[in-house]
Structures are given as C-alpha cells and as structure tokens.
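So the chains spell out like this:
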Amino acid sequence: MRGVLHSEIHEIPASKAESVEKRLKEEAFRIKNVLKGKIFVTDPKGMLVSDEIMLNIVRNAIYEDISIVVGGPFGVSPDVKGTRISFSKLTFTHELFRVMLLEQIYRQALTIKGVKYKK
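A brief report on the enclosed structure follows. (Residues numbered from 1 in each chain as written. Predicted model: local features only at pLDDT ≥ 70, side-chain atom pairs only at ≥ 80, totals over all residues. Heavy atoms only, no water.)

## Remarks on the packing of aromatic side chains
Rule in force here: Side-chain rings of Phe, Tyr and Trp, where Trp is taken by its six-membered ring, are said to pair if the distance between their centres is within 6.5 Å; with planes under 30 degrees apart they count as stacked, over 60 as edge-to-face, and otherwise as tilted. Here a helix means four or more residues in a row that DSSP labels H or I, a strand means two or more in a row labelled E, and each is numbered from the N terminus. Only protein chains enter the accessibility calculation, which uses a 1.4 Å probe; a residue is then buried when its area is under 20% of its type maximum, exposed when over 50%, and partly exposed in between.
The full count for this structure, using the stated rule, is one aromatic pair. On the basis of an interplanar angle of 70 degrees and a centroid distance of 5.1 Å, the ring pair of phenylalanine 87 and phenylalanine 97 is categorised as edge-to-face. Pair noted here: phenylalanine 87 is in the loop between strand S3 (83-86) and helix H3 (94-113) and phenylalanine 97 is in helix H3, with a separation of 10 residues, a long-range link. Using a relative accessible area of 8% as the deciding quantity, one classes phenylalanine 97 as buried.

Here is the structure:
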C-alpha cells in the first residue's frame, strides 16, 4: 500500500505515418510501453465521468498505479486496452484537456485531504 498520490506525465510523440490507422497503431505501441496498473482511456464514446467517479479513480491511485491515456488528434487506438471514459460530449485539444484533467485530479486530491475546493 503506497498511501501517497504520485503522478507522472508521459508525452508520446505523434506518429508521422501517412494513414490514420498506421499512426494509431504506432502510437499505441509507444503508449503501451509506459502504462502502469489500471488503465483508463479518454474517449468521447466512453462512460461519462462524474465527480464521484473521478474521486474514486484518484482515491484508488493513492494505493495502486493507474494510467490515464489522453489521445492526440485522431484519438487512441482500440489496441490500447482499458476502461473508456469521457469527461464531456464536447471535443477539446489534447493540450487543453491535459490541463483540465490535472485540475480534476487536484480537486479530488483536495477532497480526499478534507480541504474545501473553491469553485
């Protein structure tokens, strides 16, 4: 049991392959090399995540490794296995979404510590 929330960001370079299918396959190979523990893949068609679900994800990350995969412009290959989750029906750039994801992790970590998050 770890008992500490630790995070790392691994940025996988986008593939330069000509076809979208080949790009996704190459990126999937690189992504799979850095994944640890339980895997969550952001996907617009995934399960919509609520504050309660995100709280559970972050709480579990204190005790076990988790990976949250954010895709590039063409998404994430189905070859990357994991629970598919969505934060919105809207589309965001992966750069903007990364900031939003980190804010959600921060918000839930404060909740776990019993600190009231200012909205």
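So much for the structure itself; the text now carries on.
## So, the layout of surface pockets
Where empty space is left in the structure can be found by rolling a water-sized probe over the atoms. Heads up, the condition is: In this analysis the probe radius is 1.4 Å and the grid spacing 1 Å, with only protein atoms considered; a cavity is a set of points the probe fits into but cannot get out of, a pocket is an open set with protein on both sides within 12 Å along at least five of seven lines, and lining residues have an atom within 4 Å of a point. Grid points are joined across faces, edges and corners, and a volume is the space filled by probe spheres set on the points. Amino acids are sorted into nonpolar (Ala, Val, Leu, Ile, Met, Phe, Trp, Tyr, Cys and Pro), charged (Asp, Glu, Lys and Arg) and polar (every other residue, Gly among them).
Of the pockets and cavities examined, the largest pocket occupies roughly 980 Å³. Glu8, Ile9, His10, Ile68 and Val69 are the residues nearest the centre of the largest pocket, which is lined by 39 residues in total. When contributions to the lining of the largest pocket are tallied by element, the ones reaching two or more residues are helix H1 (20-32), helix H2 (51-63), strand S2 (66-69) and H3. At five residues, H3 tops the list of elements feeding residues into the lining of the largest pocket. Grouping the amino acids of the lining of the largest pocket by side-chain chemistry returns 22 nonpolar, nine polar and eight charged. Its volume calculated, the second largest pocket comes out at about 460 Å³. Along the walls of the second largest pocket sit 21 residues, with Thr42, Asp43, Pro44, Thr91 and Phe92 positioned nearest its centre. Where the lining of the second largest pocket is concerned, the elements lending two or more residues are strand S1 (38-48), S3 and H3. Taken together, the residues of the lining of the second largest pocket break down into 10 nonpolar, nine polar and two charged.

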